[in-house]
Amino acid sequence: MDLISDEEIDRLENLSSFEREAYNAGYNLIAGVDEAGRGPLAGPVVASAVILPKGIYIPSIDDSKKLSEKKREQLYEVISKEAISIGIGIVDEKTIDEINILQAAIKAMKIAIGGLSQKPDFILTDAVSLPGINIPHKPIIKGDSKSISIAAASIIAKVTRDRLMYEYHKKYPAYNFISNKGYGTAKHLEMLRKHGPCEIHRRTFKGVV
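The rules behind each value
- Residues numbered from 1 in each chain as written.
- Predicted model: local features only at pLDDT ≥ 70, side-chain atom pairs only at ≥ 80, totals over all residues.
- Heavy atoms only, no water.
- Salt bridge = Lys/Arg side-chain N within 4 Å of Asp/Glu carboxyl O.
- Helix = DSSP H or I, 4+ residues; strand = E, 2+ residues; numbered from the N terminus.
- Buried < 20%, exposed > 50% of the residue type's maximum accessible area, 1.4 Å probe, protein only.
- Axes fitted to C-alpha atoms, helices over the stretch in contact; angles between N-to-C directions.
- Parallel < 35°, antiparallel > 145°, perpendicular 65-115°, else oblique.
- Contact = heavy atoms within 4.5 Å.
- Nonpolar A, V, L, I, M, F, W, Y, C, P; charged D, E, K, R; others polar.
- Pairing = 2+ DSSP bridges.

Colleague: Would you mind going over the pattern of salt bridges with me for this structure?
Modeller: Side chains that differ in charge, positive against negative, can pair when their charged atoms come close. This structure, assessed with the given rule, holds 13 salt bridges. For Glu8, the salt bridge is made with Arg11, and the minimal N-O distance between the two is 2.9 Å. Of the two residues, Glu8 and Arg11 are both situated in helix α1 (residues 6-15); the distance of 3 residues between them amounts to about one turn of the helix. On the basis of relative accessible area, Glu8 is assigned to the buried category, the value being 15%. Its relative accessible area of 26% is what places Arg11 among the partly exposed residues.

And the structure:
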């Protein structure tokens, strides 16, 4: 096992401050919850809930947006191995169009929490409140860069969604989802103008129709 630098230990200590606060309040199973895919023009929104062991250090873990694809894939494997439990929630583009993206993201988060093999007694979320959840929870602004549990959830959600978009790329190669993951890049918008939307495009999003 590689040695962890003092600087990285300090960073991980800071990243675990909200978890320590919850442990000190008497909670034992703390789930971090985050989603991926609120901004794209196509595909589902994917959420993850992750319960990590108390006091765990996972070197390099961070907000998924700050990491390379290769590093996210590596951390995905570590988190999958080390986590006490992981839940995934997926809400498709048709539901996003029906209930709006915020409500779809909340729905995905609730599905992810419900998919945990152990029920958490405290939840940390990335900025989003979860109405109707009967478990104490705390929304943290920019939580994916401030909480190790939310950072873990952000990585699991992002990698899971990216893998789904790779599969959609095989079905709809014209839109190059393997490169843009459904986001409104110039090339993606050009293909939309040329071909129109495919089955997985979000019809209520500006730029799709």
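The discussion continues.
Colleague: Please clarify how the packing of α1 against helix α2 (residues 17-24) should be interpreted in this entry.
Modeller: A packed helix pair is summarised by two numbers, namely the angle formed by the two axes and the spacing between the axes. Taken N-terminus to C-terminus, the directions of α1 and α2 make an angle of 50°; their axes are 5 Å apart at the nearest point. In terms of orientation, α1 lies oblique with respect to α2. From α1, Glu13, Asn14 and Leu15 reach across to α2, where they touch Ser17, Glu19 and Arg20. Grouping the constituent residues of the contact of α1 with α2 by class yields 1 nonpolar, 2 polar and 3 charged.

Colleague: Which parts of the structure should I look at to understand the environment of Glu167?
Modeller: Among the secondary structure elements, Glu167 is positioned in helix α6 (residues 148-171). A C-alpha to C-alpha distance of 13 Å links Glu167 and Ala42, two positions 125 residues apart in sequence.

Colleague: Before we go on, may I ask you to explain the sheet that holds strand β3 (residues 85-91) in this structure?
Modeller: As a general point, the strands of a sheet are linked pairwise by backbone hydrogen bonds and lie either parallel or antiparallel. Overall, mixed pairing links the 5 strands, which are arranged β3-β2-β1-β4-β5 in an open sheet. The strands lining the two open edges of the sheet, one partner per strand, are β3 and β5 (137-140). Within the sheet, the average angular offset between the axes of one strand and its neighbour, ignoring direction, is 20°. Inspection of the sheet shows strand β1 (residues 30-36) paired to strand β2 (residues 45-51) by 6 bridges, in the antiparallel sense. Looking at the pairing, Val33 lines up with Ala49 of β2. Running at roughly 40° to β1, α6 makes contact with β1, β2, β3, β4 (122-126) and β5 of the sheet.

Colleague: Sorry if this is basic, but what is going on with the pairing of β2 here?
Modeller: Along β2, 7 of the 7 residues are buried, which leaves the element largely enclosed by surrounding structure. Burial along β2 is two-sided: the residues Val45, Ala47, Ala49 and Ile51 and Val46, Ser48 and Val50 are all buried. Of the pairings in the sheet, the one linking β2 to β3 comprises 7 bridges and is antiparallel in character. Within β3, the residue paired with Val45 across the bridge is Val91.

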